[in-house]
Amino acid sequence: MDRLKGKVALISGGARGQGAAEARLFTAEGAKVVLGDVLDKEAAAVAEQINKSSPKSAVALHLDVTRAADWRTAVETCEREFGGLDILVNNAGIANMKGVDETTEEEWDAVVGINQKGVWLGMKTAIPAMRKRGGGSIINISSIYGLIGSAGAAAYHGTKGAVRLLTKAAAVQYAPENIRVNSVHPGVIKTPMTDAIDQDALAQIAAMAPMKRAGTAEEVGYVVLFLASNEASFVTGAEYVVDGGYTAT
Ligand code: NAD
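Now for a look at the structure at hand. As a convention, each chain's residues are numbered from 1 in the sequence order in which they are written. Since the coordinates come from a predicted model, pLDDT governs what is reported: local features require at least 70, and pairs of side-chain atoms require 80 or more to be given and counted, while whole-chain, interface and lining totals use all residues. Side-chain numbers come from the whole structure's heavy atoms, not from hydrogens or water.

Only DSSP runs of H or I reaching four residues or more are called helices, and only runs of E reaching two or more are called strands; each is numbered from the N terminus. Here Ile144 is to be found in the loop between β5 (136–141) and α5 (154–174). Relative accessibility decides the category of a residue: with a 1.4 Å probe and only protein chains considered, values under 20% of the type maximum give buried, values over 50% give exposed, and everything between is partly exposed. Under the relative-accessibility criterion, Ile144 is labelled buried at 4%. In this description, contact between two residues means that some pair of their heavy atoms is separated by no more than 4.5 Å. Residue contacts for Ile144: discarding those within four places in its chain leaves His185, Pro186, Gly187, Asp243, Tyr246 and Thr247.

In structure tokens:
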């Protein structure tokens, strides 16, 4: 019940899917959560639902992860509402299922802006606040597509691979300050992101994993919860796959 008691978490992309699942799991374990998203109504609904079972535990706000000013507001909100910031989950992301020569420059910039620059901006803004608390835990959501290639998701692969190594660079830099930084690499997970993709093609990709199914947002969330908690106190710079064995084959 109290795995995150006394901790304050900021979750980007918290309006639905994995981010919303993590907000629910974190508050059930005693954390206070600020969830930021560009989907304002959906984020507010998630916070409202959480506050019914865990009163005054969640605040929703508008956060476009590509905007430094939004990040500053989000971190200030954590400090003003809940007294500080201990955990950052860089979860917001968008998919783009196009190959190298089919991807437009606009698509490339959009994917890089959200999936890659957004992660850097989140860490850059959160770290000074974590320093004030004497440490923290950052979890960057990459993908199995940040570990292996496939035909037809060029910008997505590029950004998720970048998140993997940005995570390790930050882990090395901030270990002396007790700020741990790890990446999580989900396989095929059932969320609104994958609901939007051709379901036959998705089922074929999911069947390539030894467990032969898609995962749930909660199955990723429990790994993120572990990394956020003091149970992971000696874990930094690591990459955790949550993929039903997909990358083991
Ligand atoms: P999702 O689409 O349900 O959720 C993503 C959230 O990010 C949405 O609420 C969306 O509004 C938000 N978002 C998008 N652009 C944003 C921006 N500029 N600023 C703030 N928020 C923004 O998808 P999900 O599956 O929950 O994805 C969560 C993370 O997991 C993403 O980083 C995704 O790339 C990654 N991932 C997903 C899968 C999968 O199969 N679902 C697999 C591997 C990795």
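From this point, things continue past the structure.
A few words now on the packing of aromatic side chains. Aromatic rings from Phe, Tyr and Trp, taking only the six-membered ring of Trp, are treated as a pair when their centres fall within 6.5 Å; an angle between ring planes under 30 degrees marks them as stacked, one over 60 as edge-to-face, and anything in between as tilted. Applying the stated rule across the entire model yields 2 aromatic pairs. Note on Tyr145 and Tyr156: the rings are 6.3 Å apart at their centroids and 75 degrees apart in plane angle, and the pair reads as edge-to-face. Placement of the pair is Tyr145 in the loop between β5 and α5 and Tyr156 in helix α5, with a sequence separation of 11 residues. With relative accessibility at 14%, the residue Tyr145 sits in the buried group.

This next bit is on helix α2 (residues 40–53). Given 3.6 residues to a turn, an α-helix orients residues that are three or four positions apart in the same direction. By definition here, a helix of n residues has an expected span of 1.5 Å times n minus one. Look at α2: 21 Å from first C-alpha to last across 14 residues, which is about the 20 Å you get at 1.5 Å a residue. Regarding α2, the residues found buried are Ala43, Val46, Ala47 and Ile50. Taken around the axis of α2, the buried residues stretch over an arc of 95 degrees, which confines them to a single face. Relative to its buried face, α2 has exposed residues pointing more than 90 degrees away, namely Lys41, Glu48 and Lys52. Here the arc refers to the directions that run from the helix axis out to each C-beta atom.

This next bit is on the nonpolar core. Counting residues in hydrophobic clusters, the biggest one holds 30 residues, and the most contacted among them are Phe26, Ile139 and Val184. Counting residues per element, the ones that place at least two in this core are β1 (8–12), α1 (17–28), β2 (32–37), α2, β4 (87–90), β5 and α8 (217–228). Here the element with the most residues in this core is α8; it accounts for 6 residues. Leave out the neighbours within four places in its chain, and Phe26 touches Leu4, Ala9, Ile11, Ala31, Val33, Ile87, Val89, Val224, Leu225 and Ala228. Here, the term nonpolar core denotes a set of buried Ala, Val, Leu, Ile, Met, Phe, Trp, Tyr and Cys residues that are joined through side-chain atoms within 4.5 Å. In this structure, Val59, Trp71, Val75 and Ile179 belong to the second largest nonpolar core, which totals 29 residues.

So, on to the side chain of Asn90. Its location among the elements puts Asn90 in strand β4. Given a relative accessible area of 2%, Asn90 falls into the buried group. Beyond its immediate chain neighbours, meaning those up to four positions away, Asn90 contacts Ser12, Trp71, Gly118, Val119, Gly122, Met123, Ile138, Ile139, Asn140 and Ile141.

Most of β2 sits inside the fold, with 5 of its 6 residues counted as buried. By the convention used here, strands pair only if DSSP detects at least 2 bridges between them. In this sheet, β2 lies alongside β1 in parallel orientation, the contact comprising 5 bridges. Counted as the bridge partner of Leu10 is Val34 from β2. Taking the sense of rotation as the criterion, the β-α-β connection linking β1, α1 and β2 turns out right-handed. Bridge count for β2 against strand β3 (residues 58–62) is 5 bridges, and the pairing is parallel. Within β3, the residue paired with Leu35 across the bridge is Ala60. Clockwise travel from the first strand over the helix to the second, with the strands pointing away from the viewer, marks a crossover as right-handed. After leaving β2, the chain enters α2 and then returns to the sheet as β3, a path that is right-handed.

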